[in-house]
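The lines below spell out each chain.
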Amino acid sequence: MSKNLRGLSGRKGLENSLYEEIISSGAGGSDERGEKLKAAAETFLVGKSLVLGVNSFYDFLTTEHSRKKVFICDGTACLTSGRQEELKRSLLERYTDDEIGTVSCLGHCHSNNAYMADHAVYTSDDHQKAAKKIYTGTNAERPALLAQTGELIEYYLLIKGFSERGKVLKEIELSGLRGRGGAGFPFHLKLKSTLEAKSDKKYVVCNADEGDPGAFSDKWLLEERPHSVLFGMLMAGLITGADEGVIYIRGEYPEAVNIVKKAVQQLEDENIVMKLLPGRKFRFYVIEGSGAYICGEETSLLNSLEGLRPEVRTRPPFPAVYGLFGKPTVLSNVETFANVRYILKEGGAAYSAMGTEKSPGTKLVSLDSAFNRPGLYEVKMGTPLKQVLNGLGGGTRYP
């Protein structure tokens with residue numbers, strides 16, 4: 001049954017996706033919403049029960065959520081900081097009690113005073129969109145992810161030197177890069193599997209539904225280094241033959257959604273792909289999540305993109321062979337894709353020289369406001385935890 005529904009959803013692809021049709025129908029139980037969902041079901045030739053089941057799954061589409069105007073972060077770091085009551089008292093000066101709700105982690109674990117309103121995240125300090133300054137630091141001589149980048153066209157000129165997929169794949173394999181989403185699977189093996197899979201269509205999907213308690217590294221990369229992420233996805237497409245890439249960003253990161261959309265628009269305005277890879281095409285889609293922690297699991301995320309209920313698929317088959325709309329898909333997280341630029345610029349050997357033999361390279365670490373220097377730190381794999389917590393983070397503020 002899932003394969004049949006997936007096939008019906010895939011008929012229109014990403015240009016007019018079932019997911020976005022369902023999400024655009026809105027929240028609550030209005031007659032207008034019901035008519036929109038009915039129309040979506042008819043357009044995609046699926047049952048109304050399917051679209052109703054999907055629409056009712058997401059937190060942002062519940063009736064309770066739609067009645068709220070402001071949402072206080074109740075992620076683990078904020079919950080344990082003891083600052084939520086103080087923040088609520090401040091918000092009650094501008095909102096009524098029944099207009100204030102809660103939402104899962106907003107990625108401001110370094111400040112513990114964030115709230116979301118009008119598709120933006122604010123802090124209680126000054127009611128401005130800028131949160132507290134994030135400390136950044138590293139123990140790597142040449143950081144791969146925190147380093148500043150150059151102009152846009154210079155940024156992508158690397159593509160000219162790696163127009164052959166074999167050359168790119170070799171450098172990534174030499175680097176020893178492993179997935180930074182938690183499983184640590186060798187990235188080059190994902191690429192090889194998708195490359196070797198026979199299909200008329202392939203995809204690259206970036207899992208930016210970061211929801212782990214206390215983590216905000218993906219958020220920082222999306223907002224501060226969006227072109228690093230896009231570059232990594234583009235090179236994955238070059239290797240595997242995929243011509244469409246999707247970045248699925250959690251709805252709790254509205255600024256990241258806006259910034260990545262602008263970065264994609266820059267690429268389209270400058271016609272970067274055609275300039276540097278004549279005859280090739282690659283289109284990006286930025287999809288905003290609707291509040292579902294489970295979408296951080298890769299196959300649930302794929303189901304969500306397809307307009308199905310975001311539930312975990314049985315594996316095998318794995319996404320590299322049977323992914324988005326049942327097609328071969330390179331699926332990895334933000335930090336994994338962001339590393340590709342350094343690897344191709346400095347060489348796979350330079351990357352593998354950092355870290356350990358089994359886990360080369362660097363890793364971003366998020367430290368919340370319990371530390372004296374809360375922020376984001378890039379450390380070589382194998383760095384003792386004590387050095388991260390006390391050396392870079394300055395130790396905790398509590399005895």
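All figures in this text were calculated on a predicted structure; none of them were measured in a lab.

A.B. asks: If you had to explain the sheet that holds strand 1 (residues 70-73) to someone new, which residues and values would you point to?
C.D. replies: Whether parallel or antiparallel, the strands of a sheet pair through hydrogen bonds between backbone atoms. Taken in spatial order, the four strands line up as 2-1-3-4 in an open sheet, and their pairing is mixed. Looking at the sheet topology across the chains shown, the edges are occupied by strand 2 (100-103) and strand 4 (120-123). For this sheet, the mean angle separating the axes of adjacent strands, direction not counted, is 35 degrees. Across the sheet, helix 7 (residues 84-91) lies against strand 1, strand 2 and strand 3 (114-117), angled at about 160 degrees from strand 1, the strand it touches most.

A.B. asks: Quick rundown of unusual backbone geometry? Include the residues and the values.
C.D. replies: A cis geometry characterises the amide bond from Arg-315 onward to Pro-316, with omega recorded as 0 degrees. With respect to the helices and strands, Pro-316 occurs in the loop between helix 16 (298-305) and strand 9 (329-333). Backbone torsion omega between Pro-316 and Pro-317 reads 5 degrees, so that peptide bond is classified as cis. By secondary structure assignment, the location of Pro-317 is in the loop between helix 16 and strand 9. Positive phi, normally seen in glycine, also occurs at Phe-325, with a value near 55 degrees. Residue placement: Phe-325 occurs in the loop between helix 16 and strand 9.

A.B. asks: I'd like a description of the packing of aromatic side chains, backed by residues and values.
C.D. replies: Tallied over the full model, the rule gives eight aromatic pairs. Look at Phe-187 and Phe-337: their rings are 5.8 Å apart centre to centre, the planes differ by 90 degrees, and that puts the pair in the edge-to-face class. Within this pair, whereas Phe-187 is found in helix 11 (residues 187-196), its partner Phe-337 is found in helix 17 (residues 334-346), the two being separated by 150 residues in sequence. No difference in accessibility class separates Phe-187 from Phe-337, as the two residues are buried.

A.B. asks: Residues and numbers for the sheet that holds strand 5 (residues 135-138), please.
C.D. replies: One open sheet accounts for three strands, arranged 5-11-10; its pairing is mixed. Every interior strand has two partners, whereas the edge strands, strand 5 and strand 10 (362-367), have only one. Neighbouring strand axes in the sheet, compared pairwise and without regard to direction, differ in orientation by 20 degrees on average. The pairing of strand 10 with strand 11 (residues 375-380) spans six bridges and is antiparallel. When the bridges of strand 11 are listed, Val-365 appears paired with Tyr-377.

A.B. asks: Help me get a handle on the nonpolar core, residues and values and all.
C.D. replies: Counting residues in each nonpolar core, the largest one holds 62 residues, and the members touching the most others are Tyr-156, Met-235, Ile-249 and Phe-337. Those residues within four positions of Met-235 in sequence are excluded, and the remaining contacts are Ile-159, Phe-162, Val-168, Val-340 and Leu-344. Counting 29 residues, the second-largest nonpolar core is a separate cluster that includes Leu-5, Leu-37, Leu-50 and Phe-325.

A.B. asks: Tell me about empty space enclosed by the protein, and name the residues and values.
C.D. replies: Applying the stated criterion across every chain, the model contains one cavity of 30 Å³ or more. A volume near 40 Å³ is recorded for the largest cavity. Residue lining of the largest cavity: Leu-234, Gly-237, Leu-238, Val-273, Leu-277, Arg-280, Lys-281 and Phe-282, and that is the complete set. No other element matches helix 13 (residues 226-240), which puts three residues into the lining of the largest cavity.

A.B. asks: An account of the packing of helix 3 (residues 31-44) against helix 4 (residues 48-55) is requested, with residue identities and associated values reported.
C.D. replies: Two numbers describe how helix 3 lies on helix 4: the axes approach to 8 Å, and their chain directions differ by 125 degrees. One element, helix 3, and the other, helix 4, form an angle in the oblique class. Every pair of crossing elements has a handedness; the one defined by helix 3 and helix 4 is right-handed. On the side of helix 3, the interface is formed by Arg-33, Gly-34, Leu-37, Lys-38 and Ala-41, while helix 4 contributes Lys-48, Val-51, Leu-52 and Asn-55. When the residues that make up the contact of helix 3 with helix 4 are grouped by side-chain class, the tally is four nonpolar, two polar and three charged.

Calculation rules
- Residues numbered from 1 in each chain as written.
- Predicted model: local features only at pLDDT ≥ 70, side-chain atom pairs only at ≥ 80, totals over all residues.
- Heavy atoms only, no water.
- Pairing = 2+ DSSP bridges.
- Helix = DSSP H or I, 4+ residues; strand = E, 2+ residues; numbered from the N terminus.
- Axes fitted to C-alpha atoms, helices over the stretch in contact; angles between N-to-C directions.
- Contact = heavy atoms within 4.5 Å.
- Phe/Tyr/Trp six-rings, centres within 6.5 Å; stacked < 30°, edge-to-face > 60°.
- Buried < 20%, exposed > 50% of the residue type's maximum accessible area, 1.4 Å probe, protein only.
- Core = buried A, V, L, I, M, F, W, Y, C linked by side-chain atoms within 4.5 Å.
- 1 Å grid on protein atoms, 1.4 Å probe; cavity = no way out; pocket = protein on both sides within 12 Å on 5 of 7 lines; lining within 4 Å.
- Points joined across faces, edges and corners; volume = space filled by probe spheres on them.
- Parallel < 35°, antiparallel > 145°, perpendicular 65-115°, else oblique.
- Left-handed = near helix turned anticlockwise from the far one by under 90°.
- Nonpolar A, V, L, I, M, F, W, Y, C, P; charged D, E, K, R; others polar.

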